[in-house]
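Now for the letters of each chain:
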Amino acid sequence: MPVLYVNDGEHDLEIGSNLPLLWALRDQIGLSSPKYGCGLEQCGACRVLVDGVPVASCRTRCGDVAGRPVATLEALRATAEGHEVIEGLLRANAAQCGYCLPGIAVTLIWLAMRRPVPFDEVVRALDDHLCRCGSHPRILRVARRIFDPDPDAAGDGSRAGHGNGET
Amino acid sequence: MDSALTEDGVLAAADGRRAIGDESTRRRLLGSLVEHPLLDAWLAFPEEGRVTVRTGKVELGQGIRTALAIIAAEELVVSPARIDVARTTTGSTPDEGFTAGSRSIEQSGAAVRQACAHAYRLLRDRAAARLEVSADALVADDGVFTTSNGDTVSYFELAAEGPFDYLVTAPAPLQPAAEHRFIGRGIPRLDLPAKISGAPAYVPDLRLPGMRFARVLRPPRPGATLETATPATVGSADVVRDGSFVAVVAGSEGEAEEAAERLAALLDWRGGMGFPLDAADPSYMAAHVVSSYPIIDGLASDGPAPPDPISHDDAALVLHSRFTKPFLLHGSIGPSAAVALHDGASLTVWSHSQGVGFLGKSLADVLGLDRGAVTVHHLDGAGCYGHNGADDAALDAALVARACQGQPISLRWARADEHRFEPLGPAMVVDLTASLGRDGRVSSWDEDILTYRHNARPLPQATGSRLLASWSLDPPVERSRAAPMLDFEAGGHRNGTPHYELGAMRVVKRDVDDASPLRTSAMRSLGALANVFAIESFMDELASAAGADPVAFRLGHTSDPRARAVIEAAVELAGGLEVPAGDDSVGRGLGFAQYENSMAYVAVVVELEVPARTAQITLRHAWIAADAGEIIDPDGLLNQIEGGFVQAASWTIKEKVELGPDGPSCSDWDSYPILRFSEIPSIHTKLIDRPDCPPVGAGEASCGPAAGAIANALAQATGVRVRDLPFRPEAIRAAFDALD
Ligand code: FES
Ligand code: FES
């Protein structure tokens, strides 16, 4: 019976060690931010942090994270960086259906805690996430404001790509 | 409230058939109030300080709830924070058919606007009577009327006098545009705080007491059947079986997933019918044409046979090209899901369907329930982009719930099932022949559209059903196949008629149905993707044959000022179609269309790079100009237009459903790649506001122009014309090779 430490709570659960962490978080602990998208570590919708590192909770077994701290967006959104990222996304209406966003927010918050991070690295990290609605340009604009607030000073503000256009 | 109209009337509205003359003006001004004129059906003042707006249009990520709140707040003169947009539920919100075809603003927006404008006037009359002043002497602000000497009365006190009991049959005056506080400015999306922060927001987040969780086990190929017995339980999960429909149901989703994996290994599927592997080949499609329709004024006419091809003899030059589009996946990021509760006599379903009214009737028919015994509540889902598995999942959940009466069942499809069993976006072939006169103008245009069907939505049928699981029950319900769409700009002939003035014109739609297990249905922009891709590619081919500049050539073939304005605006935004000198792997291209030749105008210029060595397209920039009439919510409009561009860019560059003997051979995101963050170009969009033109939806309007612009940019960059989607490296390399 793995004991899970999730968002600073201790959960002694009657589950098998092989159960994907995603289901323990949703079914047993009652969290809604980790989403099921593929179950294959291909889309990023289920992303959480384990030991402060992003993982696909759909492909992480509970037995492997027993005793290690798990953080979901429910806790991360209450941090300073979480606030900054969520507010930034909301101010920009940076979503359509929004289903991919909790996972993306986890990645952006995790990166924001590690600033400075070169913008290219941020984009590479976002490549772990799929969005079907085409919300990428807006999410990238929010990310640029967070990670590259003065792009012209960096000398590449006008280069092609990565949704850096303004409308 | 229930629809007062016949099924046909509702269908006509849902399918977007355009009325003409006075009827058309009335519909434009009143929207869905034409079918549902009772004012009290659209809004209510349930408690002090709150306004409830009811709509039959559902949130698909397009921001409709927010747009309706903006409209209602403006016309009622209240703060948007006071508005609650009620969830769409069969039997209690107006039945507005499907939320599809970018029609929500036009139908529900107009209705809510007029309902609120009438309510404002009726409340003002009540206030005038109560305060014994003339209505003109009252000033409204955020739900309170005030007289010149300071007497006040609130909307909520006035509404307590009783329902309006009023039928809206004619338009009321609207708040003057100069005084608009919310329309044209927008407010933050109302639904996003919960969604972005991961709070419960979607169907699979719904939790009800005693809920159980289910997974379906789909056959390995369409029509395969289970001939042997299945166990009653797998571990802690119960097995539900009806004919060859089989599902597991457990106390948690994790257990259901695990049980489904264990049961899958025990099932012995027999038979079934493979897919035709060459179903997207033009020759296969041509061999399975059921009927042909001339397209006249946007309508497919099933009267006389199509006219003979135009003879192009006198022309200086005759060009012919063939363009193809493969089957595509809707590819929702969240697989289809539903919650159902069956209490023995009635069924309640929570679904992200685009048409809860039609779904409820279809469910009742399959389950043998009275139609009044089924209630469907809309709850948000991940984006669907058309008819995906949402409705099918609702039947799946209902079947499990019927076997587990009194227990709420939350059911969701596995990723592989979403990829393999959702209805496909139809394959199409567009053949174009045009003649170019010595004056450099197109003098005739002959177009032949070959298309699978675009609407297999679960409309209630006289016999049979369109819901996936119904065909596997014991006894099976007969599959009701999609019907060809004949309405204005519908299905495969959506944007089939060029918006340009091109002399003698003949457009023919050839409707394909091969009676195979293939299932095709509505996907964002329907036929407009293939048609606009073909028309815009071909316009560039003609311009080049005429030695003309592609922009001047288009402007020379349209006198529509709104068309000219978006084309000129996009080109100006881009600084022209010339590429920076010295880089011969870079190209720019233009694409334009007016969606459905009657809605939003969009022009797109794309700059891309495609090195000969890799033949891999990198999108660098997109410049977009759009005119969607009066702008209600500029930010929402930009979001829709940019999202449509990105999704269409993904279709154009990457996407294709490969067919294997057992159906689509793509079952995950590795076998069906889509555009990623690092592949997104910079996008600059300019909106053109037309306060005098009715607002129209734009969720699909940028898709076709995006494909056209990418095709033309690719041709400019490489000097070769690729006419088959998608533009994957192998297709581009083949075009290079053909050149050598
Ligand atoms: S659900 Fe885990 S990566 Fe897609
Ligand atoms: S916003 Fe819908 S999938 Fe990203």
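As the structure is a computational prediction, the values presented were derived from the model and not from experiment. The numbers attached to residues start from 1 for each chain and follow its sequence in the written order. Here the convention is simple: chains get letters from A, ligands get numbers from 1, in the order in which they are written. Side-chain atom pairs in this predicted model are given and counted only at pLDDT of 80 or more, local residue features only at pLDDT of at least 70, and totals for whole chains, interfaces and linings cover all residues. Just so you know, side-chain values use all the structure's heavy atoms and leave hydrogens and water out.

Considering the sheet that holds strand β2 (residues 9-12) of chain A
Residues and elements named next belong to chain A.
Turning to step 1, where the next piece is worked out: Following DSSP output, two strands are said to pair if at least two bridges run between them. In DSSP terms, a helix is any run of H or I states spanning at least four residues, a strand is any run of E spanning at least two, and both are numbered starting from the N terminus. Pairing is mixed in the open sheet, where five strands are placed in the order β2-β1-β5-β3-β4. Only two strands of the sheet have a single neighbouring strand rather than two, namely β2 and β4 (53-56). The mean inter-strand angle of the sheet, taken between neighbouring strand axes irrespective of direction, is 35 degrees.
Turning to step 2, where the next piece is worked out: For strand β3 (residues 47-50) and strand β5 (residues 69-71), the ladder comprises two bridges, and the chain directions are antiparallel. Axis lines are fitted to C-alpha atoms, over the contacting stretch for helices. Their N-to-C directions set the angle, which ranges from 0 to 180 degrees.

Side note on helix α7 (residues 136-147) of chain A
Turning to step 1, where the next piece is worked out: Helices are assigned an expected span. That span is 1.5 Å times one less than the residue count. Its twelve residues give α7 of chain A an end-to-end C-alpha distance of 16 Å, which sits within 8% of 16 Å, the value for a rise of 1.5 Å per residue.
Turning to step 2, where the next piece is worked out: Listed in full, the buried residues belonging to α7 of chain A are His136, Pro137, Arg138, Ile139, Leu140, Arg141, Val142, Ala143, Arg144, Ile146 and Phe147 of chain A.
Turning to step 3, where the next piece is worked out: It only takes one pair of heavy atoms within 4.5 Å for two residues to be counted as in contact. On its buried side, α7 of chain A packs onto α4 (80-91), α5 (101-112) and α6 (119-126) of chain A together with α15 (634-653) and β28 (682-687) of chain B. For every residue, the accessible area (1.4 Å probe, protein chains only) is compared with the maximum for its type, and the residue is labelled buried under 20%, exposed over 50%, or partly exposed between those bounds.

Quick word on the domain arrangement of chain B
Residues and elements named next belong to chain B.
Turning to step 1, where the next piece is worked out: Residue ranges assigned to the domains are those given by an automatic or database domain assignment. Each assigned domain of chain B is listed with its residue range as follows: domain 1 (15-175), domain 2 (208-272 + 334-421) and domain 3 (282-327 + 425-455 + 490-739).
Turning to step 2, where the next piece is worked out: Using C-alpha coordinates to define each centre, domain 1 is positioned 37 Å away from domain 2.
Turning to step 3, where the next piece is worked out: Residue-level contacts link twelve residues of domain 1 with 16 residues of domain 2.
Turning to step 4, where the next piece is worked out: Together, the buried faces of domain 1 and domain 2 total about 1200 Å²; carbon and sulfur atoms form 56% of this surface.
Turning to step 5, where the next piece is worked out: Using a 1.4 Å probe, buried area is obtained as the accessible area two parts lose upon being combined, added over both of them. Counting the surface domain 1 buries against domain 2, the share from its top three residues, Leu60, Arg87 and Thr90, is 40%.
Turning to step 6, where the next piece is worked out: Each reported salt bridge corresponds to a side-chain nitrogen of Lys or Arg within 4 Å of a carboxyl oxygen of Asp or Glu. At the boundary of domain 1 with domain 2, the tally comes to one salt bridge.
Turning to step 7, where the next piece is worked out: When the shortest N-O distance is used, the salt bridge between Asp380 and Arg87 registers 3.4 Å.
Turning to step 8, where the next piece is worked out: Whenever a nitrogen or oxygen atom comes within 3.5 Å of another N or O atom, the pair is scored as a polar contact, on the condition that within protein one atom can donate a hydrogen and the other can accept it, and that pairs from neighbouring residues in sequence are kept only if both atoms are in side chains. Joining domain 1 to domain 2, the criterion identifies five residue pairs in polar contact (both at pLDDT 80 or more).

A few points about the interface of chain A and chain B
Turning to step 1, where the next piece is worked out: Counting residues at the interface gives 55 residues for chain A and 66 residues for chain B.
Turning to step 2, where the next piece is worked out: Buried surface at the junction of chain A and chain B, summed over both partners, amounts to about 5000 Å²; 54% is from carbon and sulfur atoms.
Turning to step 3, where the next piece is worked out: When residues of chain A are sorted by the area they lose upon contact with chain B, Gln96, Leu130 and Arg132 of chain A head the list and together hold 17% of the total.
Turning to step 4, where the next piece is worked out: Scanning the region where chain A abuts chain B turns up five salt bridges.
Turning to step 5, where the next piece is worked out: Here Lys35 of chain A and Asp205 of chain B are joined by a salt bridge, their closest N and O atoms 2.8 Å apart.

With respect to the sheet that holds strand β24 (residues 601-609) of chain B
Residue and element names in this part refer to chain B.
Turning to step 1, where the next piece is worked out: Pairing is mixed in the open sheet, where four strands are placed in the order β23-β24-β25-β28. In this open sheet, the two strands that pair with only one neighbour each are β23 (586-594) and β28. Looking at each pair of strands side by side, their axes are set apart by 10 degrees on average, direction ignored.
Turning to step 2, where the next piece is worked out: Packing against the sheet, α15 makes contact with β24, β25 (618-627) and β28, and its axis sits at approximately 135 degrees to β28.

Things to note about the packing of aromatic side chains
Turning to step 1, where the next piece is worked out: Pairs were defined over the aromatic rings of Phe, Tyr and Trp, the Trp ring being its six-membered one, requiring ring centres within 6.5 Å. Orientation was assigned from the angle between planes: stacked under 30 degrees, edge-to-face over 60, tilted for the rest. On inspection of all chains with the given rule, the structure shows 14 aromatic pairs over all chains.
Turning to step 2, where the next piece is worked out: Ring centres of Phe327 of chain B and Tyr452 of chain B lie 5.1 Å apart, and the angle between their planes is 50 degrees; this geometry places the pair in the tilted category. Of the two residues, Phe327 of chain B sits in the loop between β15 (317-325) and β16 (337-342) while Tyr452 of chain B sits in strand β21 (residues 442-452), which places them 125 residues apart along the sequence. Both residues of the pair, Phe327 of chain B and Tyr452 of chain B, belong to the buried class.
Turning to step 3, where the next piece is worked out: Ring-pair connections join several aromatic residues into one group, and the members of that group are Phe45, Tyr120, Phe145, Tyr155, Phe156 and Phe164 of chain B.
Turning to step 4, where the next piece is worked out: Here the basic side chain of Arg144 of chain A rests over the ring of Phe119 of chain A, its NZ or CZ set 4.1 Å away from the ring centre.
Turning to step 5, where the next piece is worked out: Geometrically, a charge over a ring is one whose NZ (Lys) or CZ (Arg) sits within 6 Å of the ring centre while staying within 35 degrees of the ring normal. Its end group placed over the ring of Tyr36 of chain A, Arg215 of chain B keeps NZ or CZ at 5.3 Å from the ring centre.

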